[in-house]
Amino acid sequence: MKRALYAISVALAAAPLPAHADTIVLAGGCFWGMEGVFEHVKGVTNVTSGYAGGSAADANYDAVSTERTGHAEAIQVTYDPAKVSLGQLLGIYFVVAHDPTQVNRQHPDDGPSYRSAIFPQNAAQRSFAQAYIRALNAKAPFNGRIATKIESGPFYPAEADHQDFMRRNPNHPYIQRWDVAKVKKLRVTYPSLYRNW
């Protein structure tokens, strides 16, 4: 799987790298675990938990949890393209951070706010993500089963108590049950990109 993802990333990486930090917004279930995984990636300079899509008026945890606002729990990832590529970040997103075959859920959480979605921040990212998904869907083990959507919409940072949640609450029962394993998988699957806190 890792070799296939690497080949896809190389094949798609014809565009020149930005000369500055870049940002992408990724949704894949509860933002606590997503944030925790990407904070362990070398070249990532900042991760912010928040809500993507929807409107500013109801971009808060209580409202989004009703599953009626149209938001997705998401993370905004700022990274240095000279140290980690968009292809590598998407590889981590699809293989480590969440299950891209689940629709409107990420076990154990259900609802459209837990959907798998990428919110590109520019046209180049959109084209890259679309091509990446097409390439993954053409190969095992996905074979057309990827549910990840490419969406548009603003990003709203979440409340302060949701930021750096795994780092601040390493023994929280949800973190221990569902998210610690993802960080371990990152270390095993992408050892050259893994960093400790």
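Rules behind the numbers
Residues numbered from 1 in each chain as written. Predicted model: local features only at pLDDT ≥ 70, side-chain atom pairs only at ≥ 80, totals over all residues. Heavy atoms only, no water. Helix = DSSP H or I, 4+ residues; strand = E, 2+ residues; numbered from the N terminus. Buried < 20%, exposed > 50% of the residue type's maximum accessible area, 1.4 Å probe, protein only. Contact = heavy atoms within 4.5 Å. Expected span 1.5 Å × (residues − 1). Polar contact = N/O pair within 3.5 Å; in protein donor to acceptor, adjacent residues only side chain to side chain. Core = buried A, V, L, I, M, F, W, Y, C linked by side-chain atoms within 4.5 Å. Axes fitted to C-alpha atoms, helices over the stretch in contact; angles between N-to-C directions. Parallel < 35°, antiparallel > 145°, perpendicular 65-115°, else oblique. Left-handed = near helix turned anticlockwise from the far one by under 90°. Nonpolar A, V, L, I, M, F, W, Y, C, P; charged D, E, K, R; others polar.

**Q** I tried to follow unusual backbone geometry on my own but got confused; where do I start?
**A** Glycine aside, residues mostly have negative phi, and peptide bonds are mostly found in the trans state. Residue P108 is bonded to the preceding H107 through a cis peptide linkage, with omega at 15°. By secondary structure assignment, the location of P108 is in the loop between β4 (105-106) and β5 (109-110). With an omega dihedral of 5°, the bond running from A140 to P141 counts as a cis peptide bond. Tracing the backbone through its elements, the reader meets P141 in the loop between α5 (123-137) and β7 (149-150). The phi dihedral of E67 falls on the positive side, at around 65°, and the residue is not glycine. On the secondary structure map, E67 appears in the loop between α3 (61-64) and β3 (72-79). One non-glycine residue, N143, lies in the positive phi region at around 45°.

**Q** What's the story with the environment of H20 in this structure? I'm lost.
**A** Position of H20 relative to the elements: it lies in the loop between α1 (2-12) and β1 (22-28). Look at H20 and you get exposed, because its relative accessible area is 52%. When the C-alpha positions of H20 and Y79 are compared, they lie 9.0 Å apart, and in sequence the two are 59 residues distant.

**Q** For this particular structure, what's the right way to read the side chain of E35?
**A** In this fold, E35 is placed in helix α2 (residues 31-38). Not counting residues within four places of it along the chain, the set of residues in contact with E35 comprises V47, T48, S49, I75, H162, Q163, D164 and F165.

**Q** Mind showing me how you'd approach α5 here?
**A** Count 3.6 residues to each turn of an α-helix, and residues three or four apart come out pointing the same way. In this model, α5 (15 residues) spans 21 Å end to end at C-alpha, consistent with the 21 Å of a helix rising 1.5 Å per residue. Within the sequence span of α5, burial applies to Q125, F128, A129, A131, Y132, I133 and L136. Measuring from the backbone nitrogen of A124 back to the side-chain oxygen at the start of α5 gives 3.2 Å, which picks out N122 as the cap.

**Q** Looking at this structure, how should I read the nonpolar core?
**A** Inside soluble globular proteins, nonpolar side chains tend to come together where they are buried. One finds L26, F38, L90, I92, F94 and I118 to be the most contacted residues of the largest nonpolar core, which totals 47 residues. Counting residues per element, the ones that place at least two in this core are β1, α2, β2 (44-52), β3, α4 (86-97), α5, α6 (165-168) and α7 (173-189). At nine residues, the largest contribution of residues to this core is made by α4. Discounting chain neighbours no more than four positions away, the residues touching L26 are M34, F38, A74, I75, V77, L90, Y93, A117 and I118.

**Q** It is not clear to me how the packing of α2 against α4 should be interpreted in this structure. Could you clarify?
**A** To describe two helices that pack against each other, one gives the angle between their axes and the distance between the axes. Running from N to C, α2 and α4 point in directions that differ by 130°, and their axes come no closer than 11 Å. Compared by their axis directions, α2 and α4 come out oblique. In this structure, the crossing between α2 and α4 has a hand that is right-handed. Taking contact as the criterion, the partners of M34, V37 and F38 in α2 are, on α4, L89, I92, Y93, V96 and A97. Here the residues of the contact of α2 with α4 are counted per class, giving eight nonpolar, no polar and no charged.

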